[in-house]
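# A structural walkthrough
What follows is each chain in one-letter form.
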Amino acid sequence: MSGIPNRNMAKTLKTWISFFLVLTLPNLEASPRFSFGKFKVDYYPTCKIELRRLSPEFAPKDHFQITETIGKTKRVVADWELREEARTSPVDFYLSVPSFKSPEERYWILQFSASIARQVEKAKGKLYLHVQSDEDFFLIDNLNAEKMSTAFALPGGKESQYPIRSLEKLVELIPKESESLVLVVLWQDKSLDQFRAKELGESIKNKFPLFVYGRQNNFWESLGASSSGKFYPTDGEKSFAKLNEDIQAALSPKWLLTYKTPWDLTFWQTESVVVEVQYLEEMNIQFEYMESPKAKIIRWFKDPFLFFPIGIFLIVVSFSLLYYLHFFERTNSALDNSKSKTPTSKMIETEDNIYQRLYGSSENEKKLASPNNKWNSLPIEVNGPEYSYGSLYQRIGLQSGSLYNLDKEIVLLGRGEGCDIVVWDAVLEREHAKIKRIKGKFVLFDLATELGVLLNGKKLLRPKALQDLDEIQLGRTIFSFRGR
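So, here is what we can say about the structure in this document. (Residues numbered from 1 in each chain as written. Predicted model: local features only at pLDDT ≥ 70, side-chain atom pairs only at ≥ 80, totals over all residues. Heavy atoms only, no water.)

## Concerning the pattern of salt bridges
When the charged atoms of two side chains with opposite charge come close together, those side chains can pair. One pass over the structure, following the stated rule, counts 16 salt bridges. Note that Lys-296 and Glu-291 form a salt bridge whose closest N and O atoms lie 3.0 Å from each other. A single burial state applies to Lys-296 and to Glu-291, both of which are buried. Close ionic contact of Asp-468 with Arg-482 constitutes a salt bridge, the shortest N to O distance being 3.0 Å. Taken together, the residues span a long stretch of sequence, with Asp-468 in the loop between strand 23 (464–465) and strand 24 (471–474) and Arg-482 in strand 25 (residues 477–483) at a distance of 14 residues. For Asp-468, a relative accessible area of 31% corresponds to the partly exposed category. Judged by its relative accessible area of 42%, Arg-482 falls in the partly exposed class. Each of Lys-40, Glu-50, Arg-52, Glu-179 and Lys-254 takes part in one network of salt bridges that share partners. (Salt bridge = Lys/Arg side-chain N within 4 Å of Asp/Glu carboxyl O. Buried < 20%, exposed > 50% of the residue type's maximum accessible area, 1.4 Å probe, protein only. Helix = DSSP H or I, 4+ residues; strand = E, 2+ residues; numbered from the N terminus.)

Now the structure itself:
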């Protein structure tokens, strides 16, 4: 009789332990079915939230509730849509495995990694292999199933005593904006830094999905639970199969939760909007975006249907403007040349004044001809030899050695592009001097310049007929006249 209470007490204790294990052991069906991704307002007032499945089972439509809050006013979104994207979006898959101590452990890690690599290849993603080590940090990229053969040089040889610290370094290297999945294998019963597991899980919560495959351990379970991830015990009968199913679901195309904002904001309004998305009593996440004139303008430029037409229009306008400026410059240049070569009435009048002021009148110099033919008929009588041919040889100057034939009735000399002989000297006038044939003589004129013209070292005060070997100096340039 005395043993019955003891048996009843043992039965009661067993019942309580079983109840406690049911509450504490991970429930695979109650684990998250999806994770939230990016929030997009590129096509405002339509907003989009990315979702990534974490298991083949997914939430029905009526389990979501979306609200938007401005200030103290909250509005419920009544109309929204949940649909799967048409194509798979590649992800960066990070696989963290323990360091092996035996050939058997090495073989298992390689086979397990190869099976994960095959799934990542099908999804066109990229696989990174992280080996937990206390001494060095190992992260190998560009892996595929073919490389994960028995000959693969897998680092190992000593079990890590601080796997959580090694995982912390891995998490720091994962880009914040990248599409990433992380699978951690932990077969240690305990470690010296296991108390940091929950803190690590909370730091990566809602950043990327986390799968933990490890020994039955409260700390490893807390790593998955605190990160809103999933934990799979290695001693569970269906854990490995469930892990593979969930990884395939996570690598499948993303889902989009699309809704239209309930607020009707004007263009000039600036408001901070808080978005809250709740799924049953399991998941609750918040997003925040700023609606302002600047945000609207930025979205307009990001819109390809608006950016490309405006961009093409601006390119056409730019090329048209460049063509117009080039044509305008050429036209002005042609006009300048024509003005310098074809005398106008103003130029002829100026030359009359120059001659009257510089040369005046004398017995051998008659007054200027009638206004109808002033440029070509300047009947100035000068003494000098007559030549049938004349030329100028540039003896000193930037173009020394050049020979110019005086085969025109009037030859202009100066720094202007319209002159017959262009002298590259900044101190000269645009039209500095001229040589004119008068009754077989080559007569040199100074066009009333401040610097003047030197003939054989003396300043030219009135027109003079040139003789063979005369030297004409314009600024720093010296010509030698040859006549025959």
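## Comments concerning empty space enclosed by the protein
Inspection of the entire model under this criterion finds 3 cavities of 30 Å³ or more. By volume, the largest cavity is sized at about 60 Å³. Leu-167, Leu-170, Val-171, Val-182, Val-184, Leu-200, Ile-204, Phe-208, Leu-210 and Leu-223 are the residues that line the largest cavity. Contributing elements (two or more residues each) for the lining of the largest cavity: helix 3 (163–173) and strand 9 (180–186). The class makeup of the residues in the lining of the largest cavity is 10 nonpolar, no polar and no charged. (1 Å grid on protein atoms, 1.4 Å probe; cavity = no way out; pocket = protein on both sides within 12 Å on 5 of 7 lines; lining within 4 Å. Points joined across faces, edges and corners; volume = space filled by probe spheres on them. Nonpolar A, V, L, I, M, F, W, Y, C, P; charged D, E, K, R; others polar.)

## Considerations on a nonpolar patch on the surface
Among the surface-exposed residues, Ile-310, Phe-313, Leu-314 and Val-317 lie close enough to one another that they form a single nonpolar patch of about 370 Å² accessible area. Tracing the backbone shows Val-317 in helix 8 (residues 304–341). For Val-317, a relative accessible area of 39% corresponds to the partly exposed category. (Patch = residues over 30% accessible without salt bridge, like charges linked within 9 Å, V, L, I, M, F, W, Y side chains within 5 Å. Areas by Shrake-Rupley, 256 points an atom, 1.4 Å probe, with all protein chains shown as cover.)

## A word on the nonpolar core
In terms of nonpolar packing, the biggest core is built from 33 residues, with Phe-93, Leu-95, Ile-116 and Leu-183 touching the most fellow members. Listing elements by their share of this core, those giving two or more residues are strand 6 (92–97), helix 2 (103–122), strand 7 (126–131), strand 9, strand 10 (210–214) and helix 6 (239–251). If one sorts the elements of this core by residue count, helix 2 sits on top with 7 residues. With residues up to four places along the chain from it excluded, the contact list for Phe-93 reads Ile-116, Val-120, Lys-126, Leu-127, Tyr-128, Leu-181, Leu-183, Ile-247 and Leu-251. Counting residues in each nonpolar core, the second largest holds 28 residues, with Phe-34, Ile-66, Trp-255 and Tyr-289 among its members. (Core = buried A, V, L, I, M, F, W, Y, C linked by side-chain atoms within 4.5 Å. Contact = heavy atoms within 4.5 Å.)

## Some thoughts on helix 7 (residues 293–302)
Buried residues of helix 7: Pro-293, Ala-295, Lys-296 and Arg-299, and no others. Axial view of helix 7: buried residues confined to an arc of 160 degrees, hence all on one face. Facing away from the buried side of helix 7 by more than 90 degrees, the exposed set consists of Lys-294, Phe-301 and Lys-302. Contact partners of the buried residues in helix 7: strand 1 (34–43) and strand 14 (283–291). (Arc of directions from axis to C-beta.)

## Some thoughts on helix 6
Taking 1.5 Å per residue, 13 residues should reach 18 Å; helix 6 reaches 18 Å between its end C-alpha atoms and fits that length. On the buried face of helix 6, the contacting elements are strand 2 (46–53), strand 6, helix 2, strand 9, strand 10 and strand 11 (230–233). (Expected span 1.5 Å × (residues − 1).)

## Quick notes on the pairing of strand 14
When a strand is regular, its side chains alternate between the sheet's two faces. By the alternation rule, side chains of strand 14 split into Met-283, Ile-285, Phe-287, Tyr-289 and Glu-291, which are all buried, and Asn-284, Gln-286, Glu-288 and Met-290, of which none is buried. Looking at chain direction, strand 13 (residues 271–279) and strand 14 are connected through 9 bridges and run antiparallel. Looking across to strand 14, one finds that Val-275 is bridged to Phe-287. Between strand 13 and strand 14, which pair antiparallel and follow one another directly, the connecting turn spans 3 residues, one of which, Leu-280, has a positive phi of 50 degrees. (Pairing = 2+ DSSP bridges.)

## Let's talk about the sheet that holds strand 4 (residues 73–76)
As summarised here, the arrangement of the 4 strands in space is 4-3-13-14, forming an open sheet in which the pairing is antiparallel. Here the strands that pair on one side only, and so sit at the sheet edges, are strand 4 and strand 14. Taking each pair of neighbouring strands and ignoring which way they run, the sheet shows an average axis angle of 20 degrees. (Axes fitted to C-alpha atoms, helices over the stretch in contact; angles between N-to-C directions.)

## Things to note about the sheet that holds strand 12 (residues 255–260)
One open sheet accounts for 4 strands, arranged 1-2-12-5; its pairing is antiparallel. Pairing within the sheet leaves two strands with one partner each, and these edge strands are strand 1 and strand 5 (80–84). Mean inter-strand twist for the sheet, computed between neighbouring axes without regard to direction, equals 20 degrees. With 6 bridges connecting them, strand 1 and strand 2 associate as antiparallel partners. Bridge assignment links Tyr-43 to a residue of strand 2, and that residue is Thr-46.

## Description of the layout of surface pockets
Over the atoms rolls a probe the size of a water molecule, and in doing so it shows where empty space is left. Taken as a whole, the largest pocket holds about 610 Å³ of empty space. If you trace the largest pocket, you find 30 residues lining it, with Lys-176, Ser-178, Asn-206, Lys-207 and Phe-208 closest to the centre. Elements with a minimum of two residues in the lining of the largest pocket: strand 1, strand 2, helix 3 and strand 14. A per-element tally of the lining of the largest pocket places strand 1 first, with 5 residues.

## Some points on the packing of aromatic side chains
Tallied over the full model, the rule gives 20 aromatic pairs. For the pair Phe-36 and Phe-287, a centre-to-centre distance of 6.4 Å together with 75 degrees between the ring planes defines the contact as edge-to-face. Note that Phe-36 is positioned in strand 1 and Phe-287 in strand 14, a separation of 251 residues in sequence. Residue Phe-287 is classed as buried on the basis of its relative accessible area of 13%. Both rings, one in Phe-64 and one in Tyr-279, keep their centres 5.4 Å apart while their planes meet at 40 degrees; by these two values the pair is tilted. Placement of Phe-64 in strand 3 (residues 64–70) and of Tyr-279 in strand 13 is noted, with a sequence separation of 215 residues between them. When its relative accessible area of 7% is taken as the criterion, Phe-64 is described as buried. Through a chain of ring-to-ring contacts, the aromatic side chains of Phe-34, Phe-36, Phe-39, Tyr-44, Phe-64, Trp-80, Tyr-279, Phe-287 and Tyr-289 assemble into a single cluster. (Phe/Tyr/Trp six-rings, centres within 6.5 Å; stacked < 30°, edge-to-face > 60°.)

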